[in-house]
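Secondary and tertiary structure notes
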Amino acid sequence: MTQLLGAPLLLLPLIGLGAIGLLGWQRWAKQQRFKSLRSQPSPPQHWLLGNIPQLLGAVKNRQLFQILFDWSKEFGPKYVYWVGYPVLVLSQPKLIDSTIVQGTRDGSLVRTGQSQRAWNDLMGPIMIGQDGPEWQWRRKAWNPEFSSSGVSHYFALVDQACHRTVTQLQATLPGEPVPMDPPFVELTMRVIAALVLGIPIDPSQPSPEGPPLEIEPTYDAMAVLTYRFLRMAVGEKAWRKYLPTQASKDYWAARHYLEDGLRSRLDLALQLRDGDPAALEKASPLFQQSMLVKIAAKEPRYTRATLLPEIVELLIGGTDTTAHTLSLAVGELALNPSVFQQAQATVDRVFDDQDAITLASLKQLSYLQGVVKETLRLYSVASGTTSLQATRDIVVDGVEVPAGARLFWSMLGAGRDPETYPQSEKFWPERWLTEDRQTPAPLMIDFGSGPHRCLGEHLAMLESTLMLAYLLRHFDWELVNGRSSVENLKQNLLIYPVDRMPVYLQCRSR
Ligand code: HEM
């Protein structure tokens, strides 16, 4: 009997030795495979965990963008960090752009399966989580709606929303600090909901097609989903949402809240597509002109199941991105009095000419567009949401990148690249103005590069330019917390000012 028991016991040390040997061999094989990247500059590493501890700490502090930026300052525009595999981090705009464009075109770079799964598990498959034909038909359907001319059809709605924000701000108490981020979140969410779903900007207007837009609960639900995206992107498994945890409960509650809010409008759009006369009677003109109705009519592959996640994607994509950019632009304007004065004078000229801003007069606001671009250059709010993986051995700017290695970007580093942006620390909107100059505008990569470049770029530019114009026309302002408002930044999915950009507003007397 003891002999029988003894035999497996004797085997244990051998199994242990075998496991250690296997792990050692795997580690050695990995080191051989990624040898070429060992010679690149790297932040100091833990002997076993590489740079995982520093990165986890940064994610926990919500400052991933900051550590990538700090490392780019210390180790240069191309460095490698190690998290079990190497990640080559680039921070030169031209190199980032050409690498993404070329690599995604020839298939040598793909989005990582992990981040795609995380995107597609928000609510279901969405554009940003798809590639190939599945991405293509979706993107083709939405592109015309969000093109420059497509968005211009909705100018009146954007204009109405900006006016509404000004009226709200005029109602705040004189001398009271006003955090600017929340009204901008409301603005951007109302705009995207009006364009996409036909929900009136003015919440007191009837919207017979479905429930009203409730800003706070919708925002909270979106925050739960995006936080879960982040957890999945760094390794949490999709099946964990079925465990009886608080995080899972929050996830399902958020999902159901959004589904319940969207269902009736989605169904009505599909009934309109089917030519249901009862649906036509129920649908307001605003709803009939919404992107949802147009898209449903145009693309038969859109059903309730395929449309629902996509609408949530647009709500998420269209809200915090533009809102935080506006907040940071308000901050930079306050910190740069000469830029403020020039921006205000530009706006006043347009108003003095025609008492309103129109689609045509928008062209005269290119200085304000420069303010928005300058803000994006410095703060790149949607900073590097997507990393790429090499599918085969490639060479990036002289660096051999073996198959399986990843590429990522320090967008804050890129925005301050002195070769692309001379005097890169200066907030200088003129660098984007090309009318009086022979030189082309500098490269702008903050809306992304390659096929997944931002769908909502034109909407974001229109919305933020118009909103800044109205703010400058109606108010002067000072920052309550001074420079720290633009320095104290954190990152959920997006970069945001921690204090929500409080200002002292002063109504202008003209
Ligand atoms: C200042 C505002 C904005 C910034 C900085 C921004 C930034 C970006 C970036 C960097 C990407 C590429 C992500 C990647 O490659 O993985 C992207 C994609 C996207 N953005 Fe935006 N965005 C903004 C506003 C908007 C708005 C207003 C919408 C509303 C429609 C929107 C919808 C989208 C969508 C749907 C995608 C995915 C496109 C695709 O996968 O084909 N964004 N955005």
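Scroll up for the structure.
This section reports on the structure supplied with the text.

Parameters and conventions
Residues numbered from 1 in each chain as written. Predicted model: local features only at pLDDT ≥ 70, side-chain atom pairs only at ≥ 80, totals over all residues. Heavy atoms only, no water. Phe/Tyr/Trp six-rings, centres within 6.5 Å; stacked < 30°, edge-to-face > 60°. Helix = DSSP H or I, 4+ residues; strand = E, 2+ residues; numbered from the N terminus. Buried < 20%, exposed > 50% of the residue type's maximum accessible area, 1.4 Å probe, protein only. Pairing = 2+ DSSP bridges. Axes fitted to C-alpha atoms, helices over the stretch in contact; angles between N-to-C directions. Near = heavy atom within 4 Å. Polar contact = N/O pair within 3.5 Å; in protein donor to acceptor, adjacent residues only side chain to side chain. Nonpolar A, V, L, I, M, F, W, Y, C, P; charged D, E, K, R; others polar. Contact = heavy atoms within 4.5 Å. 1 Å grid on protein atoms, 1.4 Å probe; cavity = no way out; pocket = protein on both sides within 12 Å on 5 of 7 lines; lining within 4 Å. Points joined across faces, edges and corners; volume = space filled by probe spheres on them. Salt bridge = Lys/Arg side-chain N within 4 Å of Asp/Glu carboxyl O.

1. Quick word on the packing of aromatic side chains
The relative placement of two aromatic rings is captured by the distance of their centres and the angle of their planes. Inspection of the entire model under this criterion finds 12 aromatic pairs. Between W142 and F146 the ring centres are 6.2 Å apart and the planes differ by 45°, which places this aromatic pair in the tilted class. Taken as a pair, W142 and F146 lie in helix α7 (residues 132-146) at a separation of four residues, close to a single helical turn. Neither residue differs from the other here; W142 and F146 are each classed as buried. Here the aromatic rings of F351 and Y470 are separated by 6.1 Å at their centres, their planes lie at 65°, and the arrangement is edge-to-face. Of this pair, F351 sits in helix α17 (residues 337-354) while Y470 sits in helix α20 (residues 457-474), and the two are 119 residues apart along the sequence.

2. Notes on the sheet that holds strand β2 (residues 86-90)
Whenever strands of a sheet pair, they do so through backbone hydrogen bonds, lying parallel or antiparallel. Read from one edge to the other, the open sheet built from five strands follows the order β1-β2-β8-β5-β3, with strand pairing classed as mixed. The open sheet is flanked by β1 (78-82) and β3 (109-111), the only strands paired with a single partner. If you compare each strand with its neighbour and ignore which way they point, the axes differ by 35° on average. Across two bridges, strand β5 (residues 388-390) lies against strand β8 (residues 406-409) in antiparallel orientation. Counterpart to Q389 in the pairing with β8 is R406.

3. Concerning unusual backbone geometry
Even without being glycine, D355 reaches a positive phi, approximately 65°. With respect to the helices and strands, D355 occurs in the loop between α17 and α18 (366-379). The phi dihedral of R500 falls on the positive side, at around 65°, and the residue is not glycine. By the element assignment, R500 lies in the loop between β11 (495-497) and β12 (502-507). Its relative accessible area of 46% is what places R500 among the partly exposed residues.

4. Re the site of the ligand
Taken together, 26 residues lie near the ligand, and R111, R139, T386, H452 and C454 sit nearest. R111 is positioned with one of its side-chain polar atoms (N or O) 2.7 Å from an oxygen atom of the ligand. Between an oxygen atom of the ligand and a side-chain N or O atom of R139, the distance comes to 2.8 Å. Listing elements by their share of the shell around the ligand, those giving two or more residues are α7 and α16 (304-335). Tallying contributions element by element places α16 first for the shell around the ligand, with seven residues. Within the shell around the ligand, the residues separate by chemical class into 12 nonpolar, 10 polar and four charged.

5. Section: the sheet that holds strand β9 (residues 475-479)
Ordered by their spatial adjacency, three strands build an open sheet running β4-β12-β9, and the pairing between neighbours is antiparallel. The outermost strands of the open sheet, each flanked by one partner alone, are β4 (177-179) and β9. Along the sheet, successive strands turn relative to each other by an average axial angle of 45°, direction set aside. The pairing of β4 with β12 spans three bridges and is antiparallel. The partner of P177 across the bridge, within β12, is Y504. Sitting on the sheet, α20 is in contact with β9 and β12, with an inclination near 95° to β9.

6. Considering the layout of surface pockets
Taken as a whole, the second largest pocket holds about 1,000 Å³ of empty space. Counting residues per element, the ones that place at least two in the lining of the second largest pocket are α3 (52-60), α4 (64-75), α6 (113-120), α11 (215-233), β8 and α19 (411-415).

7. Considerations on the pairing of β2
Of all five residues that make up β2, five are buried, and the element is covered over most of its length. Along β2, one buried face is formed by P86, L88 and L90 and the opposite face, lined by V87 and V89, is buried too. Here β1 pairs with β2 via five bridges, running antiparallel. Of the residues in β2, the one forming a bridge with Y79 is V89. Taking the residues that link successive antiparallel strands as the turn, the β1-β2 hairpin has three residues, and the phi of G84 there is positive, at about 95°. Sheet topology note: the β2/β8 ladder contains four bridges and is parallel. Among the inter-strand pairings, L90 is bridged to a residue of β8, identified as W409.

8. Looking at the pairing of β9
Along β9, the buried face is formed by F475, W477 and L479; none of D476 and E478, which line the opposite face, is buried. Sheet topology note: the β9/β12 ladder contains five bridges and is antiparallel. By the bridge assignment, W477 is partnered in β12 with L505.

9. Let's talk about the pattern of salt bridges
If you walk through the whole model with that rule in mind, you get 22 salt bridges. The salt bridge partner of R392 is D106, with a shortest N-O separation of 3.8 Å. With R392 in the loop between β5 and β6 (394-396) and D106 in helix α5 (residues 93-106), the pair connects residues that are 286 residues apart, well separated along the chain. Across the pair D267 and R304 runs a salt bridge, and its minimum N-O distance is 2.9 Å. Here D267 is found in helix α12 (residues 246-273), whereas its partner R304 is found in helix α16, with 37 residues between them in sequence. Residue D267 is classed as partly exposed on the basis of its relative accessible area of 22%. With relative accessibility at 36%, the residue R304 sits in the partly exposed group. Each of D348, D352, R473 and R508 takes part in one network of salt bridges that share partners.

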